[in-house]
Amino acid sequence: MATVTMASSLPTNLTSFKFRRSNRSSSGVAFASLSQETIKITEGAGNLPKVVLTSTHGSEAEIFLFGGCVTSWKVPSGKDLLFVRPDAVFNGKKPISGGIPHCFPQFGPGAIQQHGFARNMNWSVLDSETIEGNPVVTLELKDDAYSRSMWDFSFQALYKVILNSKSLSTVLTVTNTDTKAFSFNTALHTYFSASVTGASVKGLLGCKTLNKHPDPKNPLEGKEEREVVSFPGFVDCVYLNASNELQLDNGLGDVISIKNANWTDAVLWNPHLTMEACYKDFVCVENAKIGDVQLQPDQSWVAEQHLSIA
């Protein structure tokens with residue numbers, strides 16, 4: 001299998017392990033054998049299955065198999081650093097609004113539905129293990145009739161989630177399993193709990209910007225001249241060739257390091273008064289790949305995200 005690019009910023013003892021064959025349950029969701037102490041599958045909101053990761057060091061994360069969406073990341077203090085919107089629907093049809101939704105194989109509007117289909121398909125558990133008390137789980141998504149009705153290609157997406165005491169890391173691997181080439185773009189639409197008036201992001205100085213406000217169909221090109229970027233109103237801005245590490249001050253007393261390998265771009269978003277019920281309580285700082293990734297048959301693309309607090 002050819003590999004287009006392989007990111008390797010995460011510790012090697014966490015990024016390399018063998019996959020085991022999974023068993024398919026009668027509900028149609030595949031499960032690997034799980035470590036019962038640190039990795040459990042349980043019923044979440046809307047009776048949707050979720051994976052609960054519990055580190056022996058006191059942190060916890062939750063991942064809904066619908067959408068492969070991480071909806072909670074609690075550090076040892078018990079504080080949840082992610083945000084799920086109060087209008088989020090857990091019905092197995094509409095994408096979950098919050099946490100870390102997938103945008104694949106399209107970011108934003110385009111030829112298919114907004115942000116693609118990965119966030120409203122059922123992922124399965126392919127493998128899991130615990131390393132030094134830290135749970136590691138790998139989810140899998142493959143094409144089916146639903147995805148091919150919009151995007152007629154065969155693919156495999158693997159999403160490895162690694163929980164540590166003060167960090168949450170993910171590795172996304174997209175492989176072309178078709179006989180013809182395809183292209184895609186993608187993002188992790190991460191919602192962070194925040195006080196929007198006090199939240200700010202460092203690490204974007206000098207980036208080329210595509211400001212999608214006020215007209216998302218005709219973004220304004222520019223250059224970021226601020227060392228500290230805040231959220232004074234409606235914000236919807238793409239940062240091209242962003243740094244591989246941003247720092248988010250969430251305005252709630254936490255500084256979150258957002259590192260990445262191979263995502264290349266970043267997006268800041270806050271809907272302000274268009275979402276009056278909750279805009280004050282979160283900001284989105286997203287790792288993205290805005291330009292098209294081209295994959296030939298059997299080629300893979302890999303990107304990593306590493307969220308951590310001091």
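Refer to the structure printed above.
Residues numbered from 1 in each chain as written. Predicted model: local features only at pLDDT ≥ 70, side-chain atom pairs only at ≥ 80, totals over all residues. Heavy atoms only, no water.

(A) Main features of the overall build of the chain. For the chain, the count of helices and strands is two helices and 24 strands. A separation threshold of at least 6 residues defines the contact pool for the chain, and within that pool the share at least 24 residues apart is 65%. (Helix = DSSP H or I, 4+ residues; strand = E, 2+ residues; numbered from the N terminus. Contact = heavy atoms within 4.5 Å.)

(B) Summary view of empty space enclosed by the protein. Scanning all chains against the criterion turns up one cavity of 30 Å³ or more. Here the largest cavity defines a volume of roughly 30 Å³. Lining the largest cavity, in full, are His102, Phe104, Ala118, Trp123, Ala157, Leu172 and Val174. Of the residues in the lining of the largest cavity, the class split is six nonpolar, one polar and no charged. (1 Å grid on protein atoms, 1.4 Å probe; cavity = no way out; pocket = protein on both sides within 12 Å on 5 of 7 lines; lining within 4 Å. Points joined across faces, edges and corners; volume = space filled by probe spheres on them. Nonpolar A, V, L, I, M, F, W, Y, C, P; charged D, E, K, R; others polar.)

(C) Quick look at unusual backbone geometry. Pro105 follows Phe104 through a cis peptide bond whose omega is 0°. For Pro105, the location among the structural elements is in the loop between β8 (102–103) and β9 (124–131). For the peptide bond that leads from His213 to Pro214, omega is 15°, which places it in the cis range. When you line up the elements, Pro214 lands in the loop between β16 (208–211) and β17 (220–223). Even without glycine at this site, Asn47 takes up a positive phi of about 60°.

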